[in-house]
Amino acid sequence: MSVPTPSPSPGPSPIPPPPGGQAYNLKKQALEKVLDKLEQAQDDLDADPATAGMTPKSALLTDGLGGSESVWQSPLADTMHDTLVEIIDSMTSNLRSATIEVQDAWNDEPTYVDEDDSRATWGE
């Protein structure tokens, strides 16, 4: 029988906020969770800008569809290939843009806010 591994409880870090009516900025913490998910999605799609220069995911996913050396050669296969490449490249581009947008929003948020600031109770 295995023993469950304890994990930290969700919520703010055990580090106390600075004195003087300050509280954790829960909006910043929420943005960080969204950013983590977007970065994971980039990894899953090989859409991370760090992979620039590698074979694009759209090329890998449509390999063998359309073109002179494909398993399916026809005008329809060529059209399907082009359509899929466009969709995959668009997804990759939009994912990168969303990640940058959330990263910028996270960077703009302070770690601590006044206790009466709506960001101190964000999502509660």
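The rules we used
Residues numbered from 1 in each chain as written. Predicted model: local features only at pLDDT ≥ 70, side-chain atom pairs only at ≥ 80, totals over all residues. Heavy atoms only, no water. Patch = residues over 30% accessible without salt bridge, like charges linked within 9 Å, V, L, I, M, F, W, Y side chains within 5 Å. Areas by Shrake-Rupley, 256 points an atom, 1.4 Å probe, with all protein chains shown as cover. Salt bridge = Lys/Arg side-chain N within 4 Å of Asp/Glu carboxyl O. Lys, Arg positive; Asp, Glu negative; His and termini not counted. Charge placed at Lys NZ, Arg CZ, Asp CG, Glu CD. Helix = DSSP H or I, 4+ residues; strand = E, 2+ residues; numbered from the N terminus. Buried < 20%, exposed > 50% of the residue type's maximum accessible area, 1.4 Å probe, protein only. Polar contact = N/O pair within 3.5 Å; in protein donor to acceptor, adjacent residues only side chain to side chain. Contact = heavy atoms within 4.5 Å. Phe/Tyr/Trp six-rings, centres within 6.5 Å; stacked < 30°, edge-to-face > 60°. Lys NZ or Arg CZ within 6 Å of the ring centre and 35° of its normal. Expected span 1.5 Å × (residues − 1).

**Q** Now, about a negative patch on the surface: what can you tell me, with residues and values included?
**A** Taken together, Glu-32, Asp-36, Glu-39, Asp-43 and Asp-44 make up a surface patch of like negative charges. Inspection of the secondary structure puts Glu-39 in helix H1 (residues 26–44).

**Q** Help me get a handle on the side chain of Lys-28, residues and values and all.
**A** If you trace the backbone, Lys-28 turns up in helix H1. Buried within the structure, Lys-28 lacks any salt-bridge partner; Glu-109 is the closest side chain of opposite charge, at an N-O distance of 7.4 Å. A distance of 3.5 Å separates the side chain of Lys-28 from the backbone oxygen of Trp-106, its partner in a polar contact. In contact with Lys-28, not counting residues within four places along its chain, are Trp-106, Glu-109, Pro-110 and Thr-111.

**Q** Residue-level account of the environment of Thr-121, with values.
**A** Locating Thr-121 in the fold gives a position in the segment after strand S2 (112–114). Expressed as a C-alpha distance, the spacing of Thr-121 and Lys-27, which sit 94 residues apart in the sequence, is 8.2 Å.

**Q** Before we move on, could you go through the packing of aromatic side chains and cite the residues and values that matter?
**A** On inspection of all chains with the given rule, the structure shows one aromatic pair. Aromatic pair Tyr-24 and Tyr-112: ring centres 5.6 Å apart, planes at 40 degrees, arrangement tilted. Of this pair, Tyr-24 sits in strand S1 (residues 22–24) while Tyr-112 sits in strand S2, and the two are 88 residues apart along the sequence. Above the face of the Trp-106 ring, Lys-28 is positioned so that its terminal group lies 4.1 Å from the ring centre.

**Q** Give me helix H3 (residues 75–108): which residues, what numbers.
**A** Here H3 contains 34 residues, and its C-alpha end-to-end distance of 49 Å stays within 8% of the 50 Å for a straight helix at 1.5 Å per residue. Among the structural elements, H1 and helix H2 (57–61) are those in contact with the buried residues of H3.

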